[in-house]
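Overview (structure and organization)
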Amino acid sequence: MTLHQSIESIEPIEPIESIKMQRRNFLQTTGMAALSAGLSRLHPFSAMPEAEKPRIIRPARLREGATIALIAPSSPPAPEKLAKAIANLSGFGYTIVEGKSLRAQYGHLAGSDAARLADLHEAFRDPAIDAVWCVRGGYGAGRLLPHIDYELIRRHPKPLIGYSDITALHIAIHQRTGLVTFHGPVAASDFPADTLHYFESVLTRPVAPCIIQPAGPLPEGPEYPPFVIRPGKAEGRLTGGNLALLSAMVGTPYAPKFDKKIVFIEDVGEQPYRIDRMLTQLLQGSDLKKAAGIALGVFAECQPKPGTFSLSLPDTLRDCLGALGIPVVYGIPFGHVANQATLPYGIRATLDAEKFSLTLEELAAGSR
C-alpha cells in the first residue's frame, strides 16, 4: 500500500541541539553499531541553515483499510492486552504489521532499547505503513529519545498514536521534527462511542472546529466531576501529556516547552502530595507559568488514601495552579480512562474554562 501524505507547513519551530555525540556514545555502549549501519545517515537539525528549520507537519489522515505498525516502545503487553489490541485494530478494518519486539520482554521493557528503537524506525521508514500505533504505555520510551533518528521521521511523516509513557515520544518528536502526533488511546484501550467519535473526528474523518468537552451522564467516581480552577478563555497550540513524564523530562534536552501553549495534563494512581510534587517541579523547572491555559484531564485513582494527612485532589490542583493568572479547568475527557479524546500536538486550540471545552481550531491530519 502506498502512503499518501498530506503535509502543511505552518510556522517554524526551534532548532535542536546536535544528537551526533549522544548517538555515537549509545552505539558504543549498547552494541548497536550493526543496527546503525543499516540506518540512513543522520542530519541533525542544529546543523541546518536557518532557512531550513523544520516546520509543523500534518500527516495524512488514517484511511479505511490502512496498514498499521503495532509497536511496544515501552513496557511489554500482557498476552490478553495484546490480543485485545489486535482485535481492536482488526475490527476497525486495518492491516496490522507487528514490530519485531512487540512480543519480546527484557525485564520491565518490551525488548532491549536497540530492538524497540529499531521497531520505531522501521515503522516510519516502511512506505507501506500508514500509521504507528503503540500497544500500551508503561515505562521505557524516554530511554530512546537520545537515539531516535528524527530526520528519518521528518522525511516519512505519519500518525503516531498513544498516551501515558508515549508522552515522551510525542514531546521529543514534535519539538524536533514538527510532526503532529496524537495523544490518544493505545491500541489495547477500550473504545466507547465518545472515544471513537473523537478519534474519527481528529484522525480518520477530520473536522474543524472539533469541540471536546465532558458528555453526560459521566461515569461514576470521585475523579469525574469537572470543575473550574480559574475561569477564562485562551488560545494557543496544544502540548502536554502525562504529568509524571512531563515532570521527568524537565532538565533534559527534551524538556517540554509551554510558553503561549494550551497545556493538557493528566495522571493516574498518584496521591495528591505526589501530584503536588510533580506540578511544583514543572512550575519551578519549566516555563509552565507562561502557558496560555491549562486543560486538566481525568486524574483516575488520585484521591488520598483514607486516614492520611492530605489535601483532596481538587484542593491540590487549585493550590498549585490557581494563582497562575491563566484559565485552568479540570475534567476534560482524556487520561487513563475509557472515555478519552484524541489530542493532536501542535494544533491551534481554544480553551474555554467556564464551558469545560477544548476546541481544536484546525485539522490535525491531511484531508486527502
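Residues numbered from 1 in each chain as written. Predicted model: local features only at pLDDT ≥ 70, side-chain atom pairs only at ≥ 80, totals over all residues. Heavy atoms only, no water.

Here the focus is the pairing of strand 13 (residues 348-352). Burial of strand 13 is extensive: four of the five residues sit out of reach of the surface. Alignment of strand 8 (residues 233-242) against strand 13, held across five bridges, turns out to be antiparallel. Residue pairing across strands places Glu 235 opposite Thr 350, the latter belonging to strand 13. Relative to strand 14 (residues 357-360), strand 13 runs antiparallel, the two sharing four bridges. Bridging from a neighbouring strand, Asp 352 pairs with Ser 357 of strand 14. (Buried < 20%, exposed > 50% of the residue type's maximum accessible area, 1.4 Å probe, protein only. Helix = DSSP H or I, 4+ residues; strand = E, 2+ residues; numbered from the N terminus. Pairing = 2+ DSSP bridges.)

Bringing the pairing of strand 9 (residues 261-266) into the picture now. Judged by how many residues are buried, strand 9 sits mostly within the fold: five of six residues are covered. Pairing of strand 8 with strand 9, which is carried by six bridges, proceeds in the parallel orientation. By the bridge assignment, Leu 238 is partnered in strand 9 with Ile 262. Taken together, the four bridges between strand 9 and strand 10 (residues 293-298) define a ladder with parallel strand orientation. From the neighbouring strand, Phe 264 faces strand 10, where its bridge partner is Ala 295. With helix 9 (residues 272-285) bridging strand 9 and its parallel neighbour strand 10, the resulting β-α-β unit is right-handed. (Right-handed = clockwise from strand over helix to strand, strands pointing away.)

Next up on the list: the sheet that holds strand 10. A sheet is described by the order of its strands in space; here eight strands give the open sequence 6-14-13-8-9-10-11-7, paired in mixed fashion. Because the sheet does not close on itself, it has two edges, and the strands there are strand 6 (210-212) and strand 7 (227-230). Across the sheet, the axes of successive neighbouring strands diverge by a mean angle of 40°, strand direction being ignored. Contacts between helix 7 (residues 193-204) and the sheet are confined to strand 6, strand 11 (328-335) and strand 14, with strand 6 contributing the most and set at about 150° to the helix. (Axes fitted to C-alpha atoms, helices over the stretch in contact; angles between N-to-C directions. Contact = heavy atoms within 4.5 Å.)

This paragraph deals with the packing of aromatic side chains. Geometrically, a pair of aromatic rings is defined through the distance of the ring centres and the angle of the planes. Taken as a whole, this structure holds eight aromatic pairs when the rule is applied. Relative to Phe 191, the ring of Phe 92 lies with its centre 5.1 Å away and its plane at 85°, an arrangement referred to as edge-to-face. Linking Phe 92 in the loop between helix 3 (79-91) and strand 2 (95-98) with Phe 191 in the loop between strand 5 (182-183) and helix 7, this pair joins segments that are 99 residues apart in sequence. The exposure class assigned to Phe 92 is partly exposed, which follows from its relative accessible area of 27%. Among the residues examined, Phe 191 registers a relative accessible area of 18% and is labelled buried. Between Trp 133 and Phe 191, the aromatic rings sit 6.2 Å apart at their centres with planes inclined by 80°, giving edge-to-face as the arrangement. Taken as a pair, Trp 133 in strand 3 (residues 131-134) and Phe 191 in the loop between strand 5 and helix 7 lie far apart in primary sequence, 58 residues in all. By relative accessible area, Trp 133 is classed as buried at 0%. Linked through ring pairs, Phe 92, Tyr 94, Trp 133, Phe 191 and Phe 199 together constitute an aromatic cluster. In this structure, Arg 176 packs its charged tip against the face of Tyr 150, placed 5.6 Å from the ring centre. (Phe/Tyr/Trp six-rings, centres within 6.5 Å; stacked < 30°, edge-to-face > 60°. Lys NZ or Arg CZ within 6 Å of the ring centre and 35° of its normal.)

Moving on to the pattern of salt bridges. Counted under the stated rule, the structure contains 14 salt bridges. The salt bridge involving Glu 270 is made with Arg 274; its shortest N-O contact spans 2.5 Å. You can call Glu 270 buried: its relative accessible area is 11%. On the basis of relative accessible area, Arg 274 is assigned to the partly exposed category, the value being 29%. Across the pair Arg 348 and Glu 362 runs a salt bridge, and its minimum N-O distance is 3.4 Å. With Arg 348 in strand 13 and Glu 362 in the segment after strand 14, this pair connects stretches of sequence that are 14 residues apart. Judged by relative accessible area, Glu 362 falls into the buried class, the value being 11%. Overlapping salt bridges, with partners in common, bring together Arg 58, Arg 237, Arg 348 and Glu 362 in one network. (Salt bridge = Lys/Arg side-chain N within 4 Å of Asp/Glu carboxyl O.)

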